Amino acid sequence: STSGILIEKTDFVATSAAETEGEERSTNETTTQIEALLSSPLSTLALRVLGIPSYVELMSYLPWGNWKQVASTLLKSVISSNTPLSEVEQVEQLFRTITPLL
């Protein structure tokens, strides 16, 4: 059954609302698993991860502290891979994704 795997935005709402005020990371199991899921492809895909459908949207559901952690990992991956930012759209999308770091 996929019902145990599907993740709804409502899984994040209570946690997100409570933690948006601060920058602390959530230890909620669902949030932690989503953070791990979003972070896992970064070492190999770097900037190309932004091309994955709904990646940025799912990332925005994370509490601020968790989003900040994933954004930091993404930025480190992009820097270490020497990925060129050749299009304005790439730069804009990267900046939207790393918003918690700005």
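For clarity, every value in this text was computed on a predicted model and none was experimentally measured.

Asker: Can you tell me about the overall build of the protein chain, naming the residues and giving the values?
Answerer: A count of helical and extended segments in the protein chain gives six helices and zero strands. The helix and strand sequence of the protein chain, counted from the amino end, reads α-α-α-α-α-α. Within the protein chain, the proportion of its 102 residues that are buried is 31%. Within the protein chain, contacts between residues separated by at least 24 positions form 66% of all contacts whose residues are at least 6 apart in sequence.

Asker: Go over the side chain of Thr 97 with me, naming the residues and quoting the values.
Answerer: Mapped onto the elements of the fold, Thr 97 is located in helix 6 (residues 88-97). Beyond its immediate stretch of four places on either side in the chain, Thr 97 contacts Leu 50, Val 56, Met 59, Trp 67, Ala 71 and Leu 74.

Asker: Describe the nonpolar core, and please don't skip the residues or the numbers.
Answerer: Side chains of a nonpolar character, in soluble globular proteins, are inclined to be buried together. Judged by nonpolar contacts, the single largest core of 17 residues is most densely connected at Leu 38, Leu 50, Tyr 55, Met 59, Leu 62 and Leu 74. For this core, the secondary-structure elements that each account for two or more residues are helix 2 (29-39), helix 4 (55-60) and helix 5 (64-80). For this core, the element with the most residues is helix 5, which contributes five residues. Among residues more than four places away in sequence, those in contact with Tyr 55 are Leu 38, Leu 42, Val 49, Leu 50 and Val 70.

Asker: A description of helix 2 should follow, citing residues and the corresponding values.
Answerer: For helix 2, the full list of buried residues reads Thr 31, Ile 34, Glu 35 and Leu 38. An end-on view of helix 2 places all buried positions within 100° of arc, on one side of the element. Turned more than 90 degrees from where helix 2 packs its buried face, Glu 29 and Leu 37 sit exposed.

Asker: Any details on the environment of Ile 98? Residues and values, ideally.
Answerer: Relative to the helices and strands, Ile 98 is located in the segment after helix 6. Under the relative-accessibility criterion, Ile 98 is labelled buried at 4%. Taking the C-alpha atoms as reference, Ile 98 lies 4.8 Å from Ala 71; in sequence the two are 27 residues apart. Excluding anything up to four places from it in sequence, Ile 98 contacts Ala 71, Leu 74 and Leu 75.

Criteria and cut-off values
- Residues numbered from 1 in each chain as written.
- Predicted model: local features only at pLDDT ≥ 70, side-chain atom pairs only at ≥ 80, totals over all residues.
- Heavy atoms only, no water.
- Helix = DSSP H or I, 4+ residues; strand = E, 2+ residues; numbered from the N terminus.
- Buried < 20%, exposed > 50% of the residue type's maximum accessible area, 1.4 Å probe, protein only.
- Contact = heavy atoms within 4.5 Å.
- Core = buried A, V, L, I, M, F, W, Y, C linked by side-chain atoms within 4.5 Å.
- Arc of directions from axis to C-beta.

Interpretation note: all reported values are geometric properties and have no functional meaning in isolation.
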